[in-house]
Amino acid sequence: MECSLIEIAQHAGGEILGDGNRQVSGIASIQSAGGTDLVFVEDERRLGEALASRAAAVVAGTFCRGKSLGKPVLVSREPRLVFARAAELLLSPDSSHAAIHQTAIIDPSAWLGDGVGIGAHVVIQPGAKIGDLTTIGAGSFVGEGVVIGRQCKLAANVSIYQGVAIGNNVVVHAGATLGSDGFGYVRDPQTGRYYKFPQVGRLKIEDEVEIGANSTVDRGALDWTRIGRGTKIDNLVHVAHNVQIGEDVVIAAQTGLSGSAVIEDGVIIGGQVGIADHVRVGSGAILGAQSGIPTKKVIRGKGVVFWGTPARPIRQLLRELALLARLAKRQANH
Amino acid sequence: MECSLIEIAQHAGGEILGDGNRQVSGIASIQSAGGTDLVFVEDERRLGEALASRAAAVVAGTFCRGKSLGKPVLVSREPRLVFARAAELLLSPDSSHAAIHQTAIIDPSAWLGDGVGIGAHVVIQPGAKIGDLTTIGAGSFVGEGVVIGRQCKLAANVSIYQGVAIGNNVVVHAGATLGSDGFGYVRDPQTGRYYKFPQVGRLKIEDEVEIGANSTVDRGALDWTRIGRGTKIDNLVHVAHNVQIGEDVVIAAQTGLSGSAVIEDGVIIGGQVGIADHVRVGSGAILGAQSGIPTKKVIRGKGVVFWGTPARPIRQLLRELALLARLAKRQANH
Amino acid sequence: MECSLIEIAQHAGGEILGDGNRQVSGIASIQSAGGTDLVFVEDERRLGEALASRAAAVVAGTFCRGKSLGKPVLVSREPRLVFARAAELLLSPDSSHAAIHQTAIIDPSAWLGDGVGIGAHVVIQPGAKIGDLTTIGAGSFVGEGVVIGRQCKLAANVSIYQGVAIGNNVVVHAGATLGSDGFGYVRDPQTGRYYKFPQVGRLKIEDEVEIGANSTVDRGALDWTRIGRGTKIDNLVHVAHNVQIGEDVVIAAQTGLSGSAVIEDGVIIGGQVGIADHVRVGSGAILGAQSGIPTKKVIRGKGVVFWGTPARPIRQLLRELALLARLAKRQANH
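Below or above, wherever it landed, is the structure these notes cover.

About the criteria used
- Residues numbered from 1 in each chain as written.
- Chains lettered and ligands numbered in written order.
- Predicted model: local features only at pLDDT ≥ 70, side-chain atom pairs only at ≥ 80, totals over all residues.
- Least-squares fit on C-alpha atoms with pLDDT ≥ 70 in both.
- Contact = placed C-beta atoms within 7 Å.
- Helix = DSSP H or I, 4+ residues; strand = E, 2+ residues; numbered from the N terminus.
- Nonpolar A, V, L, I, M, F, W, Y, C, P; charged D, E, K, R; others polar.
- Pairing = 2+ DSSP bridges.
- Axes fitted to C-alpha atoms, helices over the stretch in contact; angles between N-to-C directions.
- Parallel < 35°, antiparallel > 145°, perpendicular 65-115°, else oblique.
- Left-handed = near helix turned anticlockwise from the far one by under 90°.
- Expected span 1.5 Å × (residues − 1).
- Buried ≥ 20, exposed ≤ 12 C-beta atoms within 10 Å, placed from the backbone.
- Arc of directions from axis to C-beta.
- Core = buried A, V, L, I, M, F, W, Y, C linked by C-beta atoms within 7 Å.

Of the two same-sequence chains, chain A is brought onto chain B (RMSD 0.1 Å, axial shift 0.0 Å) by a rotation of 120°. On the angle and the small slide along the axis, the relation comes out as a three-fold axis. Take the interface residues of chain A: only 19% of them recur as interface residues in chain B, which is what a contact between different surfaces looks like.

Listed by partner, the interface residues are 42 residues for chain A and 50 residues for chain B. The dominant element in the side of chain A that touches chain B, judged by the number of residues it contributes, is helix α4 (residues 314-333) of chain A, at 4 residues. Taken together, the residues that form the side of chain A that touches chain B break down as 18 nonpolar, 17 polar and 7 charged.

Residues and elements named next belong to chain C. Strand order in the open sheet formed by 10 strands is β9-β12-β15-β18-β23-β26-β29-β32-β35-β38, with parallel pairing between adjacent strands. The open sheet is flanked by β9 (111-112) and β38 (298-299), the only strands paired with a single partner. Relative to strand β15 (residues 147-148), strand β12 (residues 129-130) runs parallel, the two being bridged by 2 bridges. Bridging from a neighbouring strand, lysine 129 pairs with valine 147 of β15.

Time to look at the interface of chain A and chain C. Chain A puts 50 residues into the contact, and the matching count from chain C is 42 residues. Elements represented by at least two residues in the side of chain A that touches chain C include exactly α3 (79-90) and α4 of chain A. In terms of residue class, the side of chain A that touches chain C is made up of 22 nonpolar, 21 polar and 7 charged.

So, on to the packing of helix α1 (residues 5-12) of chain A against α3(A). Residue and element names in this part refer to chain A. Across the interface, α1 lies against α3 with an axial gap of 9 Å and an inter-helix angle of 115°. In terms of their interaxial angle, α1 and α3 are classed as roughly perpendicular. Note on packing geometry: the crossing formed by α1 with α3 is right-handed. Contacts between α1 and α3 involve Ile8, His11 and Ala12 from the first element and Val82, Arg85, Ala86 and Leu89 from the second. The residue inventory of the contact of α1 with α3, partitioned by class, reads 5 nonpolar, 1 polar and 1 charged.

Let's shift gears to helix α4 (residues 314-333) of chain C. In this model, α4(C) (20 residues) spans 28 Å end to end at C-alpha, consistent with the 28 Å of a helix rising 1.5 Å per residue. Those residues of α4(C) that fall on the buried side of the exposure criterion are C:Leu317, C:Glu320 and C:Leu324. Taken end-on, α4(C) shows its buried residues confined to a sector of 65°, consistent with a single buried face. Residues of α4(C) that are exposed and angled more than 90 degrees away from the buried face: C:Arg315, C:Ala322, C:Arg326, C:Arg330 and C:Asn333. Its buried side turned inward, α4(C) meets α4 of chain A, α4 (314-333) of chain B together with β39 (305-307) and β40 (312-313) of chain C.

Here the focus is the nonpolar core. Counting residues in each nonpolar core, the largest one holds 334 residues, and the members touching the most others are A:Val58, B:Val58 and C:Val58. Discounting chain neighbours no more than four positions away, the residues touching A:Val58 are A:Val39, A:Phe40, A:Val41, A:Ala50, A:Leu51, A:Lys71 and A:Val73.

Another aspect to go through is unusual backbone geometry. Between A:Thr309 and the following residue, A:Pro310, the backbone shows a cis peptide bond with an omega angle of -10°. Its place among the elements puts A:Pro310 in the loop between β39 (305-307) and β40 (312-313).

By themselves, these figures tell us nothing about what the structure is for.
What follows is the structure, given as structure tokens:
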């Protein structure tokens, strides 16, 4: 999509220095920019490079004020945010050629909104509903009674079990599995054998969630698993049955959340973190990569970084590690 | 399926208090129960809530004896087990409309039992055998010569490489990969390049195993990888070549078992555990989440919990952690 | 493929003791060998067993010299390497019956080389190019403009996003996702909401790379993610946006590499290792399983083993663990 800098500033914020009528049609890195691209700099030392690039215009921090620029610049205290929002506008998908591939198997009782795009070999089961402008990638499976909102984007080979409810503007990457059975069994104390505890609850994914490639989110056992609005989940993440994730939570790759864990709004979770069952992570807490939170533990502290297994405030953990290193070194030197 | 409480007790155990002819057709949580559902309570404090719910009947612990109940109750010292087994009966799949979708590609040399259900876009290669009443979800791939037993349930987009052998009543969740090549290479000391060690063994999965979404189980290099009867594996678990897993083992999400590891019967493994190559975990041992067992190590102790990396008895690990915290705190206070 | 020992020695190295005209057509373990198989021994104690097996010939270490053998033997100081290279020759795929399945959806603008095999229900988008003798497994998705080299082997249900570039002789296992969006967002400090940072870079996978089942490799944000020649990646591994992996790197299962990490040539990474963003791991370093490398850290040391989180030289870590265990034990004994 082609836009003027003025249109971009209206959508994304920032103040224009130079020619606001400059047309831009894509985004790129400084090195790879072509003549109609927008680039960005947050590090003052790279401003010269950005201005010397082939880009049509630059998004930059306030450090560029008062300098001779030679290219139109969109200035902001948050250049990365302005650039992200500009990209949102410039890269907005062109839905004009959405189509339903003839090899897709769509049950007659399923309902498709306007402008829905369905890839080749997709399977849509009875009673499913797909909202306007949503696209579903090749080879994906949409189970019975699944409801997907507007303008969602599912990539290839996604599997969605029956009854999952997905909001608007949700992105699901390739290979993700949504609504699979939770991992619940009851051991017969006489025989040592395991019987499956019923996994017949449901899964609700709210608006603007993004779910990474090959991640898995289980349905509730009897009630719901829920992922709140705006939450972003990376690749190969596991979300177990009955987990409740709040809004605007960020979860990096390969993290696992065990059954009935509660993650409150605004939590940031690093990669490979393990959260045991029935844990509660309070609003705004930050969990460093590879941390582990033992069962039923409550973690609280807005903006506090926790690290290690069992997770503790990072200052405490670093103090412990430093002490141990010192003691071991002292002893080795004896 | 609709059953009387008497029929449920016959299948699932428990003693009926009240009207044994009460008909039940589903299971639910206390909050979501409808008028024909069975619910369960293991916590005495929630008994009142269960009895006041819309449920047709309740499974409860022995604490309900001698109380005025107002609803038929199935009493047991193992209410969770009785409920699980009741659910097994009530939710038993209706195979009467199993069908073979016309878009499935089934090699003429493959053999399908009675009542087999094959989803859309499934691919079944030459010589495969699918037992009676087994269902295979849309988009799944069943390689050459794969043998699958009776009453198995494979979800969507499962990939099974050639020659894998699967028993009866096995459940495989969406996106799982079974029988992929193990990770074995030989480095040429002259050039530093890696050559693939042949991965031409096979994979055997015994009866009543369940394998979670997007998990991967590799075939043996030259011999077999084996998963024993009744073993339950969660999502995103990795089982490497030549691993031998016994019966009734439980493995939580994101755990990884390296090549030739041996897991004896009845072991319980938490999430994100890492087990190195050639490790042996003795019968009935319990490995806490995120533990790590170094290469060739033998872990023994029925019912003993091991934790940490390298894994040690949990009491020892907790003592070490407590001591370190105390020393670091003392020093910080100086 | 059937070969004489002489032909095998020409391809794989090693010196023939006994009848070099002995024909061999497969490889196997000592236990499972049939009369035309090649087996190998690296442990002298198993030589007798190998010679007594049904195998046609044996690859063995130099310990077999001067012994009475009774079977033709290929001797080498690197018997495992010779065996791997022999298997490469004996198991080389027979491309004579490669075919394009009639249910594959191949855009007319895609280009396919000679002898390409395309499985059932594969989808190939506009502008894709598939090199000679490459095979693509059932249900796989090849996005717009993807370029795949010669003699690659993609298994079932692989998903490749638009624009990914793959070299020659690359193997990709089932369920892997290549070129998915990186995990990049910008938080709006006013609202706490996250906006997606554009993920429009590309992914380049060089010759002879192998990628395990259900692994995920993200495209660059604005520039490239790169996996260098000969690198081997196990199952369920995560490679984030802009990561640069050198040549002949080995990465075991469930390891995660965060954004912009650089892994130099010849690095060996164990399973479940976590590498934070902007880390650099110097050429030839070895990272033990479950290690963690914190953000921006540089690790150097050819042949040095690092372990723990934060990763440190293994001798140092083991000293620390031993000291802590000793102190805790001493205190418990008081």
